[in-house]
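Coordinates in review
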Amino acid sequence: MLTKRIIPCLDVRDGRVVKGLNFAGIHDVADPVEMARFYNEAGADELVFYDITASYEQRALFTDILRRVAAEIFIPLTVGGGIRTLDDFDRVLKCGADKVSVNSGAIARPELIAEAAQRYGDQCVVLSMDVKRVGGSFHIFAKGGREDTGLDALEWAEFGVKSGAGELVVNSIDTDGVKGGFDLEMLDAIAARVDVPIIASGGAGRMEDFAELFRHPGIDAGLAASIFHFRQVLLPDLKRYLRSEGVEVRI
Amino acid sequence: MIAIIDYGVGNLFSLSSSLSYLGLDNYVTADADQLRAADRLILPGVGAFGDAARKLREAGLFDVVRAAAEAGKPLLGICLGMQLLFDKSYEYGEHQGLGLIPGSVEALRPDLADDTLKVPHIGWNRLQILRDDPIFRYFPDEGYVYYVHSFYAKNCWENTLAVSDYSLPVTGVVRSGSVYGMQFHPEKSGAAGLALLRAFAEI
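Residues numbered from 1 in each chain as written. Chains lettered and ligands numbered in written order. Predicted model: local features only at pLDDT ≥ 70, side-chain atom pairs only at ≥ 80, totals over all residues.

**Quick word on the overall build of chain A**
What counts here: To qualify as a helix, a DSSP run of H or I must reach at least 4 residues; to qualify as a strand, a run of E must reach at least 2; elements of each kind are numbered from the N terminus. As defined in this context, the radius of gyration uses C-alpha atoms, and a globule is described by 2.2 Å times the residue total to the power 0.38. Residues are called buried when their C-beta atom has 20 or more other C-beta atoms within 10 Å, exposed when it has 12 or fewer, and partly exposed otherwise; all C-beta atoms are positioned from the backbone. A pair of residues counts as a contact when their C-beta atoms, built from backbone coordinates, are within 7 Å of each other.
Scanning chain A for helices and strands turns up 10 helices and 12 strands. In terms of overall dimensions, chain A is globule-like: its C-alpha atoms have a radius of gyration of 17 Å, near the 18 Å expected for 251 residues. Overall, chain A is about 45 × 45 × 40 Å in size when its C-alpha atoms are taken along their principal axes. For chain A, the proportion of its 251 residues judged to be buried stands at 51%. For chain A, long-range pairs separated by at least 24 residues make up 64% of all intrachain contacts whose partners lie at least 6 apart in sequence.

**Some details on the confidence of the model for chain B**
Convention followed: Per-residue confidence from the predictor is given as pLDDT, running between 0 and 100.
This prediction gives chain B a mean pLDDT of 95; 100% of its residues lie at or above 70. The ipTM assigned to the predicted complex is 0.92, against a pTM of 0.94.

**Quick word on unusual backbone geometry**
All names here are of chain B. Cis geometry is found at the peptide bond from Val119 to Pro120, where omega equals 5 degrees. The residue Pro120 is located in the loop between β7 (101-107) and β8 (121-126) in this model. The backbone of Cys79 sits at a positive phi, close to 55 degrees, despite the residue not being glycine. Position of Cys79 relative to the elements: it lies in the loop between β4 (75-78) and α5 (80-83). The class for Cys79 is buried, based on 26 C-beta atoms found within 10 Å.

**Thoughts on the nonpolar core**
Definition in use: We define the nonpolar core as any set of buried residues of the types Ala, Val, Leu, Ile, Met, Phe, Trp, Tyr and Cys, connected via C-beta atoms lying within 7 Å of each other.
With 80 residues, the main nonpolar core has Leu47, Leu66, Val100, Val125, Leu168, Ile190 and Ala200 of chain A as its most contacted residues. Contact partners of Ala200 of chain A, with chain neighbours within four places excluded, come to Val170, Phe182, Leu187, Leu213, Ile219, Ala221, Gly222 and Leu223 of chain A.

Dropping the structure here:
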């Protein structure tokens, strides 16, 4: 059977890995190539790189890092951040990305999902969404979680998959950085609406949070950053623990 | 020297990098003479079968690949490249493949015994070796490989070396003579995948 995937996420700015707490108070962690090597050896099933730089010069720095990672790390690489056009897809795919994650770019121009899926295949297009509770429903937030778009998260997920997104990264702003566990209520609600793999993000604090996550059959992967970067959870320990809990993982 | 066949389907950076990482000389080419000059060929591919088969034909490489395989030159088809080795595919219509391995490529969804499973079959799955072969020389016990596909090869049991379980045995590795096919991506399957590529270079 397919294994549940554990995915460390690296936010890269100015050629360095950073991690925010509730998207604010970013502080530096390490060199992205070094980090990628470390995670690959530790048994990461996939790596996600988000380019959180703004300027054109820094974009070139990011693609250079991507190229260096892809030249020596042979597991799936997903790249996101600042993806707004098919040219952006092209730019990162040529540097060794396997999948491209769109977020704000798809909110600004929803046709981007279908266009990219048509050109590169559904398997290449990942729709990443930042979700927060507003009143009694789940809304899609833009601009790193600062702006309520008013879009209903369940409808947006369904639209994204119909347009050709092959996977969803679903990040809960409510639980992100809190380390109190994944947002299972929200994740289940989205999983019930779509039939593509769902990568859960936001809230992992302990190994038990992943075991709890994978008791929900609609969830395929767990993504986290700081608990891995700061070695609060070590991947080999996490995988052995999950296997002892009856979760199929790659060891 | 390994030639990676470039017929405009997919991204060959990782595949080429993985061979270089193993210290294996390789080049990416669409040139028939360069393909003839290589010791072994890799046929990659992502996307739809019909489109890829047409591109391979239009590049004038369909017969070049077939002739090389028939002459005994080691050939490795990866993902859609593996599917192209078969007689035909039923992905959006009916399309002719290279016909180097008997069998057909059909949709995974209707054959799944467990219809709650997701399609595409995306992720890491354990490779179960059914028949020992030199291609598994360096492969670890309990090795996992990375799949991304919605169609799979069937009616090819005689030529199947390894499968992965997805409520049915999904054809993972096939072989006919010096022609090999892998449904998963060895260039994305970590150390286990590199072990297969290394063995292919010694076939």
